Each structure stands twice: as C-alpha cells, then as structure tokens.
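Architecture at a glance
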Amino acid sequence: MNSTTPARARTDREPGAIVETLIPARLERLPWGRFHVLVVAALGVTWILDGLEVTLAGSVAAALKASPALRFSDPEVGLAGSAYLSGAVLGALFFGWLTDRLGRKKLFFITIVVYLSATALTGLAWNGFTFFLFRFLTGAGIGGEYAAINSTIQELIPARFRGHLDLMINGSFWVGAALGALVAVALLNPSLFDPELGWRLAFLTGALIGLVVFAMRMWIPESPRWLAIHGRETEGETVVAAIEKRFTDAGAQLTPVPASAAIRLRSRTHTPLSQVFDTLFNRYRLRTFVGLSLMAAQAFFYNAIFFTYALVLTRFYGVGTSDVGWYILPFAAGNFLGPVVLGRLFDTLGRRMMISITYALSGLLLVVVGALFERDLLTAATQTIGWMIVFFVASPAASAAYLTVSETFPIEIRALAIAVFYAIGTGLGGVAAPYVFGKLIESGSRQSIFGGYVFAAVLMFAASFVAARYAVAAERKPLEEVATPLSAAG
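**A closer look at the overall build of the protein**
- Regarding its fold elements, the protein presents 22 helices and two strands.
- Here the protein has a C-alpha radius of gyration of 22 Å; the compact-globule value for 490 residues is 23 Å, and the two agree.
- Projecting the C-alpha coordinates of the protein onto the three principal axes gives extents of approximately 65 × 45 × 45 Å.
- When the accessible area of the protein is evaluated, it comes to approximately 17,500 Å², of which 67% is carbon and sulfur surface.
- Across the protein, the centroid of the 38 positively charged side chains sits 4 Å from that of the 31 negatively charged ones.

**Let's talk about the packing of aromatic side chains**
- Summed over all chains, the structure comprises 31 aromatic pairs.
- Judged by centre distance (5.1 Å) and plane angle (65 degrees), the rings of Phe109 and Phe214 are edge-to-face. A residue pair is termed long-range when its members are at least 10 positions apart, and Phe109 in helix α5 (residues 104–122) and Phe214 in helix α9 (residues 195–216) qualify at 105 residues.
- On the basis of relative accessible area, Phe109 is assigned to the buried category, the value being 15%.
- Taking the centre distance of 5.4 Å and the plane angle of 15 degrees together, the rings of Tyr146 and Tyr402 count as stacked. On the criterion of sequence distance, the pair formed by Tyr146 in helix α6 (residues 128–156) and Tyr402 in helix α18 (residues 380–407) is long-range, its members being 256 residues apart.
- Taking relative accessible area as the criterion, Tyr402 reaches 10% and is therefore assigned buried.
- A cation sits over an aromatic face here: Arg446 above Phe373, 4.6 Å from the ring centre.

**Overview of the layout of surface pockets**
- By volume, the largest pocket amounts to about 380 Å³.
- Along the wall of the largest pocket there are 17 residues; nearest its centre are Trp32, Val40, Leu165, Met168 and Ile169.
- At the level of elements, α2 (34–59), α7 (159–171) and α16 (345–348) are the ones that each hand at least two residues to the lining of the largest pocket.
- Looking at the lining of the largest pocket residue by residue, the classes come out as ten nonpolar, four polar and three charged.

**A closer look at the packing of helix α17 (residues 351–374) against α18**
- The N-to-C vectors of α17 and α18 enclose an angle of 150 degrees; their axes lie 9 Å apart at closest approach. The orientation of α17 with respect to α18, classified from their angle, is roughly antiparallel. The hand of the α17/α18 crossing is left-handed.
- Residues of the contact of α17 with α18, tallied by class, amount to 17 nonpolar, five polar and two charged.

**Section: a nonpolar patch on the surface**
- Together, Leu361, Leu364, Val368, Leu372, Leu377, Val458 and Phe461 make up a nonpolar patch on the protein surface, roughly 590 Å² of accessible area in all.
- Elements that contribute at least two residues to the nonpolar patch include exactly α17 and α21 (446–470).
- Per element, the largest residue contribution to the nonpolar patch is four residues, and it comes from α17.
- Structurally, Val368 can be placed in helix α17.

**Considerations on the pattern of salt bridges**
- A full pass over the atoms with the stated rule returns 17 salt bridges.
- A salt bridge links Glu244 to Arg26; the nearest nitrogen and oxygen atoms lie 2.6 Å apart. You can see Glu244 sitting in helix α11 (residues 233–249) and its partner Arg26 sitting in helix α1 (residues 23–28), a full 218 residues away along the chain. With respect to burial, Glu244 and Arg26 carry one shared label: buried.
- Here Glu407 makes a salt bridge to Arg162, at a shortest N to O gap of 2.8 Å. With Glu407 in helix α18 and Arg162 in helix α7, this pair connects stretches of sequence that are 245 residues apart.
- In this structure Glu407 comes out as buried when scored by relative accessible area, which is 1%.
- Connected via shared salt-bridge partners are Arg26, Arg29, Glu237 and Glu244.

**As for empty space enclosed by the protein**
- Using the criterion set out here, one finds six cavities of 30 Å³ or more in the structure.
- Reported here for the largest cavity is a volume of approximately 330 Å³.
- In this structure, the largest cavity is lined by 22 residues; those nearest its centre are Asp50, Tyr146, Phe173, Gln298 and Tyr402.
- Put simply, the parts of the chain that give the lining of the largest cavity at least two residues each are α2, α4 (74–102), α7, α8 (173–187), α13 (285–306), α18 and α19 (414–429).
- Here the residues of the lining of the largest cavity are counted per class, giving 14 nonpolar, seven polar and one charged.

**Focus on the side chain of His36**
- Structurally, the position occupied by His36 is in helix α2.
- The exposure class of His36 is buried, given its relative accessible area of 0%.
- Looking at His36, its side chain comes within polar contact range of the main-chain oxygen of Pro31, at 3.5 Å.
- Those residues in contact with His36 that lie beyond four places of it in its chain are Leu30, Pro31, Leu156, Ile157, Pro158 and Phe247.

**Points about the packing of α13 against α18**
- For the pair α13 and α18, interaxial distance at closest approach is 9 Å and the crossing angle is 145 degrees. Of the two elements, α13 crosses α18, and the hand of that crossing is left-handed. Here α13 contributes Val290, Gly291, Leu294, Met295, Gln298, Phe301, Tyr302 and Ile305 to the contact with α18, which in turn contributes Trp387, Val390, Phe391, Ala394, Ser395, Ala398, Ala401, Tyr402, Thr404 and Val405.
- A breakdown of the residues in the contact of α13 with α18 according to their chemical character gives 14 nonpolar, four polar and no charged.

**Focus on the confidence of the model for the protein**
- Across the protein, the average pLDDT comes to 86, with 95% of residues at 70 or higher.
- When mean pLDDT is taken per element in the protein, α17 scores highest with 95 and helix α20 (residues 432–443) scores lowest with 73.
- Note that pLDDT drops below 50 for residues 1–9; the model gives that stretch 22 contacts with residues more than four away or on any other chain.

**Digging into unusual backbone geometry**
- The phi dihedral of Asp376 falls on the positive side, at around 60 degrees, and the residue is not glycine.
- Looking at the element boundaries, Asp376 is found in the loop between α17 and α18.
- A positive phi is found at Arg476, a non-glycine position, where the angle reads about 60 degrees.
- Topologically, Arg476 is positioned in the loop between α21 and α22 (479–482).
- When its relative accessible area of 47% is taken as the criterion, Arg476 is described as partly exposed.

Thresholds applied
- Residues numbered from 1 in each chain as written.
- Predicted model: local features only at pLDDT ≥ 70, side-chain atom pairs only at ≥ 80, totals over all residues.
- Heavy atoms only, no water.
- Helix = DSSP H or I, 4+ residues; strand = E, 2+ residues; numbered from the N terminus.
- Rg over C-alpha atoms; globule rule 2.2 N^0.38 Å.
- Areas by Shrake-Rupley, 256 points an atom, 1.4 Å probe, with all protein chains shown as cover.
- Lys, Arg positive; Asp, Glu negative; His and termini not counted.
- Charge placed at Lys NZ, Arg CZ, Asp CG, Glu CD.
- Phe/Tyr/Trp six-rings, centres within 6.5 Å; stacked < 30°, edge-to-face > 60°.
- Buried < 20%, exposed > 50% of the residue type's maximum accessible area, 1.4 Å probe, protein only.
- Lys NZ or Arg CZ within 6 Å of the ring centre and 35° of its normal.
- 1 Å grid on protein atoms, 1.4 Å probe; cavity = no way out; pocket = protein on both sides within 12 Å on 5 of 7 lines; lining within 4 Å.
- Points joined across faces, edges and corners; volume = space filled by probe spheres on them.
- Nonpolar A, V, L, I, M, F, W, Y, C, P; charged D, E, K, R; others polar.
- Axes fitted to C-alpha atoms, helices over the stretch in contact; angles between N-to-C directions.
- Parallel < 35°, antiparallel > 145°, perpendicular 65-115°, else oblique.
- Left-handed = near helix turned anticlockwise from the far one by under 90°.
- Patch = residues over 30% accessible without salt bridge, like charges linked within 9 Å, V, L, I, M, F, W, Y side chains within 5 Å.
- Salt bridge = Lys/Arg side-chain N within 4 Å of Asp/Glu carboxyl O.
- Polar contact = N/O pair within 3.5 Å; in protein donor to acceptor, adjacent residues only side chain to side chain.
- Contact = heavy atoms within 4.5 Å.
- pLDDT = per-residue confidence, 0-100.

Here's what the structure looks like:
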C-alpha cells in the first residue's frame, strides 16, 4: 500500500467538538524533499494543461476559420476563447464550493475527468455550437482544477517555500503554452496533416495528457489540514505520519514538534455560505478588495493579448497559420522565466513590494510596446521580443494574484475563495477581453488596438496602487498565521 494513502482510519468527531492538533506545525517543519516534488509534479501540471489549451485555441484560430465544419469569423474565434473562460468561471465556483465541502482529493480527480473528456470532445466537434459547448466544459474542468489544486498545494508546502514555488507552478502555464505551440506547429503543417484533421488532433492531445495526469494523482493524500478541521484529525495524523516516514526513510532528521505548537479547532462538517460571505465582505473586506483588483487586472491584461496574439500575427504581419507556434515559443519562454528569476524576491523583499512593482512595470512596458505597434515600427520578430519583455514581468505579477487569494483567507473557505476571485476576476477582465480585442483586430485599426492596450495598462497601474496600500505581508508565514482558521477555538 502507498505510504501516503493509508488504510482508512476514520473516526469523525461530532460537529463542534474541540480538536487539538500539531498537524500544521508538523507539515511546516518538514525539509524540502521528494514528496514535495511529487506533489508539485502531479498537481502543478494543471497549469501546463491550461497553457496547452489556451495556446492551442490561439494557434488554431486560422484553421478554425478555414474549417468546413466551423468557418469562424475573427469575432467567433474570440468568442470561442470567451466560451472557455466562461466555463472556467462557473466551473471554479461550483467545484470550489464542493472542494471545501467534500475535500481536496475527491475534487482534483473529478475536475481532471471533466477536463479530459471535454477537450477530447472538442476535437470531435461537428459544428460551431458543439465546439463552443465543449470548450465551455473544458474550461469548467480547468476552473475547478484551479480551486482544488491551489488549495491542496498551499496546504502541503511549508511556508518558507510557498511564495517562490507557487509563482513557479503558476508560471508553468507557459510550459504548456510552449508545448501547445510545438503541437500546433506539427499538427497544423499541411504537408503532414490535412488542416481539418490537424486542429482536431491538437485538442485530442490534451485528453491524452489528462489521462497521464489522472494516473499520477492516485498516490496523493487528502490535505491533513482539511481533515483536522472536519473532525478527522486521526486520519490526518495518519497521513502526516506517512509523509514524515518518507523523509526519515530517506535519511532526514526531523526535529520534535513542541506541544505548544498545537492549535485548537472546533470541528465542522462544512462552512455555511453566510459565513463565507461575511468573511469575504466584512471580516476581510480589504483583502477581498486587493484580490479582486489583482485578479481582474491581470485577467484582462493577459487574455486581451494572448487569446488574440495569433490574429495579430496573421493579420498585421502576414505570418502563416502553420508558423504561429514558432512565435509563441519565445513568448512562452519569457513568461516562464519571469517567475523563475523574480520569484524568490516575493519571499525576500516581500509580497507587497514585489506585487506593486511588477504590476506597475507591466503596465508601463505594455504602453511602450503598444505605442511601437500603433506606429507600425515593429516586425513579427520584434513584436514578439517586445511581448517577451513585457510578460517576463507580467507573468510573476499574474501568478502573485493567485498566490494572494490562495494564502490570505482561512482554510475553511480557501478553495471557494480562490474560485470566487478567479471567477469574478476572469468574468470582469477575461471573458470579454478576447471578444472585444477580436473585434478591434477585425477593424484593422492599429489605433483602436492600442487603445485597448492602454486600457489594460491602466488596470495594472490601479492594481499596483491597491497592492502598495493594502497587500498582506504573507511571506514565510504559516497559513494559520496569515489567516486564523474560522474554526479556531482559542
């Protein structure tokens, strides 16, 4: 039997019973080890899948327009992106609510099944309606993944590694983007595949990767922190003991955890929605304001540019459909390297300073590159270099938004809080952006597109100001110190 999936030793306490546990302290004192690497690999791959999906959607844009079954216009290509994001919004809310109620492990299996099934069906779509429907369901699976996976990773990774690691995991979206670009280059090459078959095979690729991910997650345990709060601390202790055994078997010396490090919790079966709303909009209203500002700004910023990047390349620079992927590769590289290079500063210089700096600098760089585009001073290559520079900074900024909303709210509502902020931020900033920019690109007006870029930059400047004033200094602090559990019993 796998050491991290022990036999069920469930002894649920009655709701309201006091639980005194060392589970958080025991998890926090662990050194970095193979267990954490496996958690990151099996769960963090979600962002790779999302990057794959988004890149494929952009890379196959011209193929969708030429498809005999679809024959999309530019706005309809943008609408397909909006359908995906709309599904992600609703999926995040529904599955996020279930994640806090039923547990992390159940939901990260359910959401991966929804994703791989829907993306496979996208490759089989026979008309525009079914394509939009399956893209919506694919987004629902990915949106649910964000809530279940973010909360699980946050609760299993020690605080001293949390910031940098979380940014890198979110940045791995761009590993998926690079993979999607390579897949698109191969499958959209008319000398290798018929274009109508190529775009279908591209989406089926995501389903095959999803099957591998499903198998990788079989050994991951339920969050011990979630178990303790739900009156199942005996089960949680067994999970932690199995994790600790992995370290001691590998030769690690684990220091004893003093009894004074225990926390007292009042067990509960679930958190009423009334308490969720009270926590978000009363107790932690400033944190809510920060989270909404960061999520909405980065969502519009990213989705406005990335979902329509292929259309800009093909319409304004004459790049062939089969060559779009080559321009996305360096774009993706800049996005991935940003969190890798700058990520540690979020743990050293601190969350507030780095979030404010990266948001403001992203907006400034976007205005500069947008102005060069508006004046027709760029080529396809220099436009791509410009975006590499912009998103080297914007990528850690966007990742910090997810880090902020996943670490600054109590564990009882963590998954739902992630879902709410993702949904509202994406709904406000992301769903409309691809369609709006699709219309701007269809107009052929560089001035109109530049106006859209300026608007996105203004949102980033505003979010930077909010972060500078109100962001939480959560660096290197245990989750229970950043946000006291709602079930804390004193």
